[in-house]
Amino acid sequence: MAYTVAHFINGRLLASAEKQLPLFNPATGDTIGHVLAANGKIVNSAIDAAKVAFQTWSTTTPVQRAKILFRYKELIEKNLESLATLITQEHGKTIAEAMGSIQRGLEVVDYACGIPNHLKSNFTESVAAGIDSYSLHQPLGVCVGITPFNFPAMIGLWMFPMAISCGNTFVWKPSEKDPSCSIRLAELAKEAGLPDGVLNVVQGDKETVDALLIHPDVKAISFVGSSFVAEHVYKTAMTNGKRVQAFGGAKNHCIVMPDADLEQTTDAIVTSAYGSAGERCMAISVVVTVGDDVADTLISKMKKKIADLKVGPGTVADVDVGPLITQAHWERVKSYIEIGKKEGATLLIDGSEYKPEKYAAGFFMGASLFDHVTPNMRIYQDEIFGPVLSIVRVKDFDSALKLVNEHEYGNGTAIFTRDGYIAKQFADKVQAGMVGINVPVPVPAAYHSFGGWKRSIFSDIGMYGMEAIRFYTRLKTVTQRWFPRTLA
Ligand code: NAD
């Protein structure tokens, strides 16, 4: 039955008569519901609720906040399957992928539960005779999170648990393409004991985002999405006096050296490139092979693995790859396959027209593989964000490294080799924020931090881990001296 996804403001669902945007089931192509799109008035009411809640929430102790987060973690664990089902219904990825992504978000909730420890300050005795100094990490106020479609739960969970654990209140604007689980996550936070107004959700699109970026009561903005929008968010929010971190797109290279374990490398590349239909900012989208022998052997192994990938609806148990998010995105990815052919790359596998039986109207696309891709081609330069992998052949490690370093994106990268010296050279010299050595592009654990380089990030503070404490608090340094009280 068709449904409407509303906002969640001050602890309550809020439906209003503004613009509505359609929601699709990507496996069938059917319109399954609508999501409201907040105008300026709704945005103001969410920010007002967060501003009022901040007065009390910011005075709670870190231990009180941690207790709520512990209960929240348990509630998400209990509701894991139903949350994953919501994700699969609107995003299309498999239930296993959806559950895995929520788990990665939960790791950040886990980390946020340690907030009493994370907020512990430094104290220096005797910075001068009789004078001590200590630092305080104080909350900012109302913080905003704007998230992309590809991880509808995880990326929100990277942001708001850290923000609220630091004593801030939060307004979340999820993607308009798969908004349902944002509401469920907000309801569960309320059930865990989070006071009304501390976490609010406004649904919407560009108009909603723009109202958030210029609102005078918003103190900080966390954004994840494409680089074009990330740059707009960064510039607008900065101009309006906000602290901002904006994470953008990617073109993640994986270098394969002649001494790599090619069996393990093939598994890693195929899973990373085609999992979640390539709609991951950490997907490998370029393989740089060092030497033609490696390229030829790798390709023959990859062909077999790709042939085994099962593309179909994410709700079916043995499916590996679900559909793309929308028909418009399908057409965009398809256009890149045509561009690659015209540019002269060799299309070894063309999965673009594949449709599983009985799902002809779904936004499905099988895996595609290009060989002999060169740096001047658009399929090499642009983020395609679909199940399309390019192979670039080079002669030696230095040429491979140069290629990675000259690309405009620098989110993640990986190398496969048995040579420790080469691996260390790579880790030291590569221009990217997250580096894998014999593991595909890795999303760092919650107690490290996430963040790319170059056009994959605007600002220089990472997401979650100790970087989040830095982002969601303001430093105050107190220098104190006490004199003996003299009684009159
Ligand atoms: P997107 O940039 O289209 O949308 C992201 C968010 O911005 C959404 O909430 C959307 O409503 C809003 N938005 C869209 N257009 C806007 C505009 N013109 N002005 C203001 N707001 C706007 O991204 P997407 O298609 O949802 O997600 C895919 C992109 O996200 C890819 O480029 C991917 O690499 C990137 N991504 C990056 C990371 C990372 O951590 N670096 C993680 C996940 C996804």
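Bear in mind the structure is a predicted one, so any value in this text is a computation, not a measurement. (Residues numbered from 1 in each chain as written. Predicted model: local features only at pLDDT ≥ 70, side-chain atom pairs only at ≥ 80, totals over all residues. Heavy atoms only, no water.)

Asks: Please explain the domain arrangement of the protein as it appears in this structure.
Replies: Frequently, the measure chosen for interface size is the accessible area removed from exposure when the parts meet. By domain assignment, the protein separates into domain 1 (3-248) and domain 2 (252-437). Facing 20 residues of domain 1, the contacting portion of domain 2 comprises 23 residues. Here domain 1 and domain 2 share an interface that buries about 1,600 Å² over both sides, 65% of which is from carbon and sulfur atoms. If you sort the residues of domain 1 by the area they bury against domain 2, P26, A27 and F149 come out on top, with a joint share of 27%. Joining domain 1 to domain 2, the criterion identifies 0 salt bridges. Applying the counting criterion to the domain 1 and domain 2 interface returns 4 residue pairs in polar contact (both at pLDDT 80 or more). Within the residue set of the side of domain 1 that touches domain 2, elements represented by two or more residues are α3 (80-91) and α4 (95-112). (Domains from an automatic or database assignment. Contact = heavy atoms within 4.5 Å. Buried area = accessible area lost by both parts, 1.4 Å probe. Salt bridge = Lys/Arg side-chain N within 4 Å of Asp/Glu carboxyl O. Polar contact = N/O pair within 3.5 Å; in protein donor to acceptor, adjacent residues only side chain to side chain. Helix = DSSP H or I, 4+ residues; strand = E, 2+ residues; numbered from the N terminus.)

Asks: What am I meant to see in the pairing of strand β11 (residues 218-224) here?
Replies: On a regular strand, each side chain points to the face opposite its neighbour's, so the side chains alternate between the two faces of the sheet. In terms of burial, β11 is a largely internal element, 6 of the 7 residues being buried. Strand direction decides the pairing type here: strand β8 (residues 142-146) and β11, joined by 5 bridges, are parallel. In the strand pairing of β11, V142 is matched with V218. Bridging between β11 and strand β12 (residues 243-247) involves 5 bridges; their strand directions are parallel. Opposite A220, over in β12, you have R243 as the bridge partner. (Buried < 20%, exposed > 50% of the residue type's maximum accessible area, 1.4 Å probe, protein only. Pairing = 2+ DSSP bridges.)

Asks: Just checking my understanding: could you explain the site of the ligand for this structure?
Replies: Of all residues adjacent to the ligand, which total 27 residues, the nearest are K173, E176, S226, G248 and E383. In this structure, an oxygen atom belonging to the ligand sits 2.8 Å away from a main-chain N or O atom of T147. E176 places a side-chain nitrogen or oxygen 2.7 Å from an oxygen atom of the ligand. Against a free-state accessible area of 840 Å², the protein chains account for coverage of 90% of the ligand. Breaking the shell around the ligand down by element, the ones donating at least two residues are α8 (206-214), β11 and α9 (227-239). (Near = heavy atom within 4 Å. Areas by Shrake-Rupley, 256 points an atom, 1.4 Å probe, with all protein chains shown as cover.)

Asks: How do you make sense of the nonpolar core when you look at a structure like this?
Replies: What tends to happen in soluble globular proteins is that the nonpolar side chains get buried as a cluster. Within the largest apolar cluster, 96 residues are counted, with the highest numbers of intra-cluster contacts made by Y72, I76, F170 and Y472. Broken down by element, the residue count for this core peaks at 9 residues, all from helix α6 (residues 154-165). Two domains each put at least three residues into this core: domain 1 (3-248) and domain 2 (252-437). Counting 37 residues, the second largest nonpolar core, distinct from the first, contains A27, V333, M365 and V392. (Core = buried A, V, L, I, M, F, W, Y, C linked by side-chain atoms within 4.5 Å.)

Asks: Sorry, what's going on with the sheet that holds strand β14 (residues 284-290) here?
Replies: Reading across from one edge, β15-β16-β17-β14-β13-β19-β20 is the order of the 7 strands in this open sheet, with mixed pairing throughout. Taken across any chain shown, the strands that pair with only one partner, and hence form the sheet edges, are β15 (346-349) and β20 (434-437). For this sheet the average axis-to-axis angle between neighbouring strands, irrespective of direction, equals 20°. For β15 and strand β16 (residues 368-371), the ladder comprises 3 bridges, and the chain directions are antiparallel. Looking across to β16, one finds that I349 is bridged to L369. Strands β13 (252-256), β14, β15, β16 and β17 (388-394) of the sheet are contacted by helix α11 (residues 292-308), whose axis makes an angle of about 165° with β17. Sheet strands touched by helix α15 (residues 420-429): β13, β19 (412-416) and β20. Its angle to β20, the strand with the most contacts, is close to 175°. (Axes fitted to C-alpha atoms, helices over the stretch in contact; angles between N-to-C directions.)

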